[in-house]
Amino acid sequence: MLEGRLTEDTAEFGMGMRVSIDKQAEYARELLTGLASELDARLVDAILQADQSDEAGIHEQRERVKALRAALARIDTPAAAELRQLAENLCRKSVWIVGGDGWAYDIGYGGLDHVLAAGRDVNMLVLDTEVYSNTGGQTSKATPRGATAKFSAAGKASNKKDLARLAMDYENTYVAQIAYGAKDVQTLRTFLEAEAHDGPSLIIAYAPCIAHGVDLSNNHRQQELAVKSGHWPLFRFDPKRIAKGENPLHLDSAEPSIPYRDFVQSETRFNILWRTHPTEAEQFLEQAQMDI
């Protein structure tokens with residue numbers, strides 16, 4: 001797992017780790033094939049043909065690799081010694097890149113987009129606070145319409161960047177939006193599906209922040225309000241459904257059940273605008289409700 005916040009190279013480092021792991025796995029398979037005549041043919045074949053698309057398959061592969069290492073210890077050749085060191089790479093490994101919205105939407109977006117376009121098996125988790133939290137609460141490309149922040153004291157006039165929609169343009173990318181405080185089962189299912197997907201995945205998680213102007217002991221309540229108002233829809237875009245002739249996009253949240261006003265009035269980043277710029281506040285609210 002590689003973590004980054006405002007580090008613009010986070011996606012590139014994660015991609016490098018994926019390439020390195022894949023190359024080591026490729027080399028380990030070459031060594032195993034070369035040593036096949038000195039090993040149990042059934043074990044070699046099972047390792048090379050292993051289905052590691054789920055946790056059960058990965059566990060079985062780990063058991064096979066244990067048996068392989070024991071067998072290699074009895075073979076006194078440089079190739080056997082080298083394979084014994086590299087054997088762990090015959091088991092599927094995950095690469096998770098974790099960062100904030102400042103990285104994903106802005107300073108590191110070029111790298112993130114490059115990783116998605118490359119199509120490799122890399123998972124990215126974006127913790128979206130909708131503002132530059134770590135550098136003082138400045139407005140960002142992730143800031144929603146009507147929110148106040150540094151450099152948008154009169155409210156942000158434009159809507160936030162739709163990172164999920166951009167990622168969906170690559171039809172081999174698994175894309176999801178989650179809010180565990182609103183629907184924890186959907187969150188769990190999303191991580192399992194992203195991990196099982198043989199290709200890039202992008203999970204965008206709603207992350208309430210002190211810059212929102214809320215008591216964070218009410219974190220789960222704010223997540224629920226964001227989802228119920230339509231501010232943060234929950235969905236999963238699974239490319240595997242395309243091959244089955246199914247709609248790849250599955251909406252996990254119901255239609256908005258509360259007015260958007262109920263959500264924005266619960267957070268200082270929005271409601272302060274009614275005291276400083278009431279006319280603009282109503283205009284932004286109307287626009288945001290239409291967007292939803």
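So, here's what we can say about the structure. Quick caveat: nothing in here was measured; it's all calculated off a predicted structure.

Some thoughts on unusual backbone geometry
Even without being a glycine, Glu130 presents a positive backbone phi close to 65°. One non-glycine residue with positive phi stands out, namely Phe151, at about 80°. As for its placement among the helices and strands, Phe151 is situated in the loop between β3 (123-128) and α7 (163-168).

Some remarks on helix α8 (residues 184-196)
With 13 residues, α8 extends 19 Å between its outermost C-alpha atoms, agreeing within 8% with the 18 Å of an ideal straight helix rising 1.5 Å per residue. For α8, every residue scored as buried is listed here: Gln186, Thr187, Thr190, Glu193, Ala194 and Glu195. Taken together, the buried residues of α8 touch β2 (96-100), β3, β4 (174-178), β5 (201-206) and β6 (235-237).

Here's the deal with the pairing of β4
For β4, a buried count of 5 out of 5 residues is recorded, marking the element as mostly surrounded by other parts of the structure. Across the two faces of β4 the burial is the same, with Tyr174, Ala176 and Ile178 and Val175 and Gln177 all buried. Alignment of β4 against β5, held across 5 bridges, turns out to be parallel. Residue Ile178 lies in a different strand from β5, and its bridge partner there is Ala205. Each parallel crossover has a hand, and the one from β4 via α8 to β5 is right-handed. The pairing of β4 with β6 spans 3 bridges and is classified as antiparallel. Its bridge partner lying in β6, Ala176 is registered against Arg236.

Thoughts on the packing of aromatic side chains
Summed over the entire model, instances satisfying the criterion amount to 4 aromatic pairs. Arranged with centres 5.0 Å apart and planes meeting at 45°, the rings of Tyr206 and Trp232 form a pair that is tilted. With Tyr206 in strand β5 and Trp232 in the loop between α9 (219-228) and β6, the pair connects residues that are 26 residues apart, well separated along the chain. Given a relative accessible area of 2%, Trp232 falls into the buried group.

Structural notes on the packing of helix α1 (residues 10-34) against helix α2 (residues 41-48)
One can describe the packing of α1 onto α2 by two numbers: an axis separation of 11 Å at closest approach and a directional angle of 160°. It follows that α1 is roughly antiparallel to α2 by the angle criterion. Note on packing geometry: the crossing formed by α1 with α2 is left-handed. In contact with Arg29, Leu32 and Thr33 of α1, α2 contributes Val44, Ile47 and Leu48. Partitioning the contact of α1 with α2 into residue classes produces 4 nonpolar, 1 polar and 1 charged.

A few points about the environment of Ile58
You can see Ile58 is positioned in helix α3 (residues 55-72). A relative accessible area of 7% places Ile58 in the buried class. Sequence separation between Ile58 and Arg92 is 34 residues; the distance between their C-alpha atoms is 6.6 Å. Discounting chain neighbours no more than four positions away, the residues touching Ile58 are Gln52 and Arg92.

Topic: the nonpolar core
Judged by nonpolar contacts, the single largest core of 39 residues is most densely connected at Trp103, Leu112, Met124, Leu163, Leu202, Trp232 and Phe263. Apart from residues no more than four positions distant in its own chain, Leu112 is found in contact with Ala11, Trp103, Ala104, Met124, Leu163 and Leu202. Ala28, Leu35, Leu48 and Leu86 belong to the second-largest nonpolar core, a separate cluster that totals 20 residues.

Considerations on α1
Turn by turn, an α-helix covers 3.6 residues, leaving residues three or four places apart pointing in a common direction. Relative to the 36 Å expected for 25 residues at 1.5 Å per residue, α1 spans 37 Å between its end C-alpha atoms, a close match to the ideal helical length. Burial in α1 covers these residues: Thr10, Ala11, Gly14, Met15, Arg18, Ile21, Ala25, Ala28, Leu31 and Leu32.

Considering the packing of α3 against helix α4 (residues 78-86)
Relative orientation of the contacting elements α3 and α4 amounts to 155°, with a least axis distance of 9 Å. Of the possible angle classes, the one that applies to α3 and α4 is roughly antiparallel. Here α3 runs over α4; the crossing is left-handed. Across the interface between the two elements, Leu68, Arg69 and Leu72 from α3 touch Ala80, Leu83, Arg84 and Gln85 from α4. Here the residues of the contact of α3 with α4 sort into 4 nonpolar, 1 polar and 2 charged.

Focus on the side chain of Glu195
Mapped onto the secondary structure, Glu195 falls in helix α8. With residues up to four places along the chain from it excluded, the contact list for Glu195 reads Arg92, Ser94, Trp96 and Asn123.

Basis of the calculations
Residues numbered from 1 in each chain as written. Predicted model: local features only at pLDDT ≥ 70, side-chain atom pairs only at ≥ 80, totals over all residues. Heavy atoms only, no water. Helix = DSSP H or I, 4+ residues; strand = E, 2+ residues; numbered from the N terminus. Expected span 1.5 Å × (residues − 1). Buried < 20%, exposed > 50% of the residue type's maximum accessible area, 1.4 Å probe, protein only. Contact = heavy atoms within 4.5 Å. Pairing = 2+ DSSP bridges. Right-handed = clockwise from strand over helix to strand, strands pointing away. Phe/Tyr/Trp six-rings, centres within 6.5 Å; stacked < 30°, edge-to-face > 60°. Axes fitted to C-alpha atoms, helices over the stretch in contact; angles between N-to-C directions. Parallel < 35°, antiparallel > 145°, perpendicular 65-115°, else oblique. Left-handed = near helix turned anticlockwise from the far one by under 90°. Nonpolar A, V, L, I, M, F, W, Y, C, P; charged D, E, K, R; others polar. Core = buried A, V, L, I, M, F, W, Y, C linked by side-chain atoms within 4.5 Å.

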